[in-house]
Amino acid sequence: MIDQAEKLRRIVNKHNSEPTNNSNNNILSDKIAIAKKAKVITVTSGKGGVGKTNITVNLAISLSQKGYRVVIIDADLGLSNIDVIFGIVPKYTLLDSIKNDMSIMDILCDGPNNIKFISGGSGVQELIHLDNSSLDSFIANMSILDQIADYILIDTGAGLSDTVMNFVISADEVVLVVTPEPTSITDAYALVKTVSNIKKDCSINVLINRADNENEAKKVFNNFSMVSERFLGLKLESLGYLPFDQSFIKAVKQQKPYLLCYPNNATSKLINEVADTLIEKDVNINPLKQSGIKGFINRFVGLFTNK
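Residues numbered from 1 in each chain as written. Predicted model: local features only at pLDDT ≥ 70, side-chain atom pairs only at ≥ 80, totals over all residues. Heavy atoms only, no water.

(A) Spatial organisation of the packing of aromatic side chains. Throughout the structure, instances matching the rule amount to 7 aromatic pairs. Relative to Phe117, the ring of Phe86 has its centre 5.3 Å away and its plane inclined at 55 degrees; by these criteria the two rings are tilted. Separated by 31 residues along the polypeptide, Phe86 in helix H4 (residues 82-86) and Phe117 in strand E4 (residues 116-119) bring together distant segments of the chain. Classification of Phe86 by relative accessible area gives buried; the value is 7%. With relative accessibility at 1%, the residue Phe117 sits in the buried group. Taken together, a centroid distance of 4.3 Å and an interplanar angle of 20 degrees make the contact between Phe248 and Tyr258 stacked. One end of the pair, Phe248, is in helix H13 (residues 247-253); the other, Tyr258, is in helix H14 (residues 258-261), with 10 residues separating them in the sequence. We note that Phe248, like Tyr258, is buried. One aromatic cluster in this structure is built from Phe167, Phe296 and Phe300. (Phe/Tyr/Trp six-rings, centres within 6.5 Å; stacked < 30°, edge-to-face > 60°. Helix = DSSP H or I, 4+ residues; strand = E, 2+ residues; numbered from the N terminus. Buried < 20%, exposed > 50% of the residue type's maximum accessible area, 1.4 Å probe, protein only.)

(B) The packing of helix H3 (residues 52-65) against helix H15 (residues 266-280), seen in detail. The contact between H3 and H15 brings their axes to 9 Å, and the two run at 70 degrees. With respect to their mutual orientation, H3 and H15 come out roughly perpendicular. You can see that H3 and H15 cross each other, and the crossing is right-handed. Counting all contacts with H3, which are made through Asn58, Leu59, Ser62, Leu63 and Gln65, the residues of H15 involved are Ile271, Asn272, Val274, Ala275, Leu278 and Ile279. Of the residues belonging to the contact of H3 with H15, the class tally is 7 nonpolar, 4 polar and no charged. (Axes fitted to C-alpha atoms, helices over the stretch in contact; angles between N-to-C directions. Parallel < 35°, antiparallel > 145°, perpendicular 65-115°, else oblique. Left-handed = near helix turned anticlockwise from the far one by under 90°. Contact = heavy atoms within 4.5 Å. Nonpolar A, V, L, I, M, F, W, Y, C, P; charged D, E, K, R; others polar.)

(C) Structural context of the sheet that holds E4. Spatially, E3-E4-E2-E5-E1-E6-E7-E8 is the arrangement adopted by the 8 strands of the open sheet, whose pairing is mixed. Each edge of the open sheet is held by one strand with a lone partner, namely strand E3 (109-110) and strand E8 (237-243). The strands touched by H3 are strand E1 (39-45), strand E2 (70-75), strand E5 (151-156), strand E6 (173-178), strand E7 (204-211) and E8; relative to E5, the strand with the most contacts, the crossing angle is about 170 degrees. (Pairing = 2+ DSSP bridges.)

(D) Region of interest: the pattern of salt bridges. All told, the structure shown has 9 salt bridges when counted by the stated rule. In this structure, the salt-bridge partner of Asp276 is Lys66, at a minimum N-O distance of 2.8 Å. In this pair, Asp276 is assigned in helix H15 and Lys66 in the loop between H3 and E2, connecting sequence segments 210 residues apart. Using a relative accessible area of 17% as the deciding quantity, one classes Asp276 as buried. Judged by its relative accessible area of 18%, Lys66 is buried. Between Lys99 and Glu126 there is a salt bridge, with its nearest N and O atoms 3.4 Å apart. Residue Lys99 is found in helix H5 (residues 94-99), and its partner Glu126 is found in helix H7 (residues 123-127); the two are separated by 27 residues along the sequence. Classification of Lys99 as exposed rests on a relative accessible area of 52%. Three or more residues are tied together by salt bridges with common partners; here these are Lys39, Glu173 and Lys281. (Salt bridge = Lys/Arg side-chain N within 4 Å of Asp/Glu carboxyl O.)

Written as structure tokens, this is what we have:
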């Protein structure tokens, strides 16, 4: 499946670079242009402390190692930690793009493995207060990301705030991080319930983190999925699991992503399998359903203005 995904991307890039000489080629070019929009994936959780940011960073590393261009947007308003894990202090944030009209290219930070990241800071809150003209300008600026990224991972805050919910509902895909602890499962269910009240067709992928073993992870997911489908009418997808691994703590202390510290560990293999699953979901996707960062921002802001 991974070969298929990489082959698809080569085909897209090849066609995009070829001149169009007839109407059929023009139609193909239009389709390819749509397909090139970045896929926006929100990584979220019902409660804090479940490893969400670590998972975001390492998924980004894995996707990058497979040849994909990745941008991370750190949208955790309270505890932005992407820069901490990378050991990099951003010079600018999303707020500089909104308030000071800086180009999105100027606020992008270089992370490891060719990853780019943006510190959201208070810019996320400012975004929802922009007038139409300023919002149009900001969206045009952010649309550049569709040309430089295949995947945009958004690391949200934890919980059920309007901002977190709108990030979840607006994304092309959602990765919901859950641990086997009852509080994590309960809060994750509350998040899914809130989402189901607004968007029944939201694509939510559940990743069980810090499980004792695969059997425990499967049991947690199966019970969670069964209850969600029975009482909320929302079917969840499994992204597998990651075990409790002390090496994650060691990697954070080194301010280096786990995959780069321990590339040959069993957990690294599982992280790569999670990334593979996300890639496989793209192979047969209808490009019209993937609206890129521009569509994401329009949906995100629209959810606030429609309330």
